[in-house]
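If you want the building blocks of each chain, they are given just below.
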Amino acid sequence: GESVGLHLPTLSVQEGDNSIINCAYSNSASDYFIWYKQESGKGPQFIIDIRSNMDKRQGQRVTVLLNKTVKHLSLQIAATQPGDSAVYFCAEDRNQFYFGTGTSLTVIP
Amino acid sequence: GAVVSQHPSRVICKSGTSVKIECRSLDFQATTMFWYRQFPKQSLMLMATSNEGSKATYEQGVEKDKFLINHASLTLSTLTVTSAHPEDSSFYICSAMRQRETQYFGPGTRLLVL
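Description of the structure in this document. (Residues numbered from 1 in each chain as written. Chains lettered and ligands numbered in written order. Predicted model: local features only at pLDDT ≥ 70, side-chain atom pairs only at ≥ 80, totals over all residues. Heavy atoms only, no water.)

**Here's the deal with the pattern of salt bridges**
Next up, step 1: Inspection of every chain in the model, using the stated rule, returns 6 salt bridges over all chains.
Next up, step 2: Across the pair E39(A) and K42(A) runs a salt bridge, and its minimum N-O distance is 3.6 Å.
Next up, step 3: Overall, the relative accessible area of 46% leaves K42(A) in the partly exposed class.
Next up, step 4: E22(B) serves as the salt-bridge partner of R24(B), at 3.4 Å between the closest nitrogen and oxygen.
Next up, step 5: When its relative accessible area of 34% is taken as the criterion, R24(B) is described as partly exposed.
Next up, step 6: Residues participating in the shared-partner salt-bridge network are K37(A), E39(A) and K42(A). (Salt bridge = Lys/Arg side-chain N within 4 Å of Asp/Glu carboxyl O. Buried < 20%, exposed > 50% of the residue type's maximum accessible area, 1.4 Å probe, protein only.)

**What about the state of the cysteines?**
Residues and elements named next belong to chain B.
Next up, step 1: One pass over the full model with this rule turns up 2 disulfides over all chains.
Next up, step 2: For C23, the disulfide goes to C94, at an S-S distance of 1.9 Å. Disulfide C23-C94: the torsion about the S-S bond is 80°, which places it as right-handed. Taken as a pair, C23 in strand β3 (residues 19-25) and C94 in strand β9 (residues 90-97) lie far apart in primary sequence, 71 residues in all. Here C23 and C94 have matching classes, each one buried.
Next up, step 3: The thiol sulfur of C13 is not disulfide-bonded, and the nearest other cysteine sulfur, from C94, lies at 18 Å. (Disulfide = S-S within 2.5 Å. Helix = DSSP H or I, 4+ residues; strand = E, 2+ residues; numbered from the N terminus.)

**Let's talk about the interface of chain B and chain A**
Next up, step 1: In this assembly, 16 residues from chain B lie in contact with 18 residues from chain A.
Next up, step 2: Buried area between chain B and chain A, summed over both chains or domains, comes out near 1,300 Å², and the portion from carbon and sulfur atoms is 52%.
Next up, step 3: Where chain B packs against chain A, one counts 4 residue pairs in polar contact (both at pLDDT 80 or more).
Next up, step 4: Every element with two or more residues in the side of chain B that touches chain A is listed here: β4 (32-38), β5 (44-51), β9 and β10 (103-105) of chain B.
Next up, step 5: Its residues placed into classes, the side of chain B that touches chain A shows 7 nonpolar, 6 polar and 3 charged. (Contact = heavy atoms within 4.5 Å. Buried area = accessible area lost by both parts, 1.4 Å probe. Polar contact = N/O pair within 3.5 Å; in protein donor to acceptor, adjacent residues only side chain to side chain. Nonpolar A, V, L, I, M, F, W, Y, C, P; charged D, E, K, R; others polar.)

Structure (C-alpha cells):
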C-alpha cells in the first residue's frame, strides 16, 4: 500500500554537527509535505513545509529538500543542538496527513 | 499564531468510566480538526476527521460509538472515550487546520485507564 516511511529509526549526532533525516514517500500525486518535531510527552511541532513545485526550502537552521524523481524528502538541521533531540516525523498531505514512522534524533553533548 | 490547546493534559480513570478531552484552537478558526492516537515509540494514528457542524469521519477500525467526537464550533472539538478500558490507555493528540493550511497540533492528553 501507499506509505510514508523513514530510512533510519534512530540517529545520533555530535553537538555542533549537521543532521540529516530522510523520508521516502510512495504517492507521486502528493503535493505538500511537512516536517514535525515531537519531544517526549508533547504534541508534534511544525518545523517546515514544502510544496511539490519547490525542491528546497530553508528556515532557521533547517532545510528541507524534496526530490520528486525518487520520491524522497530530507530534513537538514545545521549546527545541531541538544534541544534538537526529539522524534522527527515527515507527513504527506493527500487530503489528510499520512505520517511516517519517525526518526529519533539524539544529540551527544 | 496557530496555537492549539488540549484539556486535560493527563487523566487517570477507572475502567468503565467515560473521559472527555477538549481541543481548542486559541487564535484561529479551524475548519477541520483531527484526532490522533499515539502509542509509545510509534507514529501518530489518525482516528477521525471532524468538520464543524457535521459528523466526524472515522478511520477504519475506529469504533464510532466508543470514541464520540463533537465539533460544535470552529474553535472547539471534543473526544469522549466511552466506557474506557485499560487498552484505551494512550496519548491522544488533536490538531486543527484552517482552510487548506498545515495542521497545528495540541500538546496531547495522556490517558491512563486503571
